[in-house]
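The lines below spell out each chain.
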Amino acid sequence: MNILELKNVQREEGQIFYIRKYTAIAVVELPTETVDTPISFSIETGPFGDKKLSVKIIEAPNYPILPILTSLKPYILENDKEGRLPT
């Protein structure tokens with residue numbers, strides 16, 4: 001299983017500056033097919049620069065969710081680190 005890309009990434013407006021909330025469509029390559037899965041996620045930056053990520057799959061594909069979540073989290077954090085997410 002592989003995460004190919006995040007499409008239509010949009011940041012939601014919020015009042016708390018250290019929590020960023022997003023919605024997106026994750027393109028996930030499963031062993032039998034490639035699916036577009038709507039997700040929402042938030043990145044909270046702690047006082048020492050550490051980041052906490054929470055991911056929700058809005059519409060689950062016909063595949064176990066846990067492997068998708070474990071692949072999505074490092075992919076999202078890497079995109080954040082390289083500045084590919086909207087600010």
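Throughout what follows, the structure given in this document is the object of discussion. Just so you know, these numbers come straight off a predicted model, no measurement behind them.

Here we come to the packing of aromatic side chains. Inspection of every chain in the model, using the stated rule, returns two aromatic pairs. An angle of 90° between the planes, with centres 5.6 Å apart, marks the rings of F17 and Y18 as edge-to-face. Judged by relative accessible area, F17 falls into the exposed class, the value being 76%. Consider the rings of Y22 and F41, whose centres lie 5.1 Å apart with planes at 20°: the pair is stacked. In this pair, Y22 is assigned in strand β2 (residues 19-29) and F41 in strand β3 (residues 34-45), connecting sequence segments 19 residues apart. Here the two residues Y22 and F41 agree in accessibility, since each one is buried.

Time to look at the sheet that holds strand β1 (residues 2-12). Pairing within the open sheet is antiparallel, and its four strands lie in the order β1-β2-β3-β4. The open sheet has two edge strands with one neighbour each: β1 and β4 (51-57). Neighbour-to-neighbour, the strand axes of this sheet turn through a mean angle of 30°, independent of strand direction. The pairing of β1 with β2 spans eight bridges and is classified as antiparallel. Counted as the bridge partner of L6 is A26 from β2. Packing of helix α1 (residues 65-81) onto the sheet brings it into contact with β1, β2, β3 and β4, and relative to β4 it is tilted by some 135°.

Under the counting rule described, the total for this entry stands at four salt bridges. The salt bridge involving D80 is made with K51; its shortest N-O contact spans 2.7 Å. One end of the pair, D80, is in helix α1; the other, K51, is in strand β4, with 29 residues separating them in the sequence. As a salt-bridge pair, R84 and E82 come within 2.1 Å of each other at their nearest N and O atoms.

Cut-off values and rules
Residues numbered from 1 in each chain as written. Predicted model: local features only at pLDDT ≥ 70, side-chain atom pairs only at ≥ 80, totals over all residues. Heavy atoms only, no water. Phe/Tyr/Trp six-rings, centres within 6.5 Å; stacked < 30°, edge-to-face > 60°. Buried < 20%, exposed > 50% of the residue type's maximum accessible area, 1.4 Å probe, protein only. Helix = DSSP H or I, 4+ residues; strand = E, 2+ residues; numbered from the N terminus. Pairing = 2+ DSSP bridges. Axes fitted to C-alpha atoms, helices over the stretch in contact; angles between N-to-C directions. Contact = heavy atoms within 4.5 Å. Salt bridge = Lys/Arg side-chain N within 4 Å of Asp/Glu carboxyl O.

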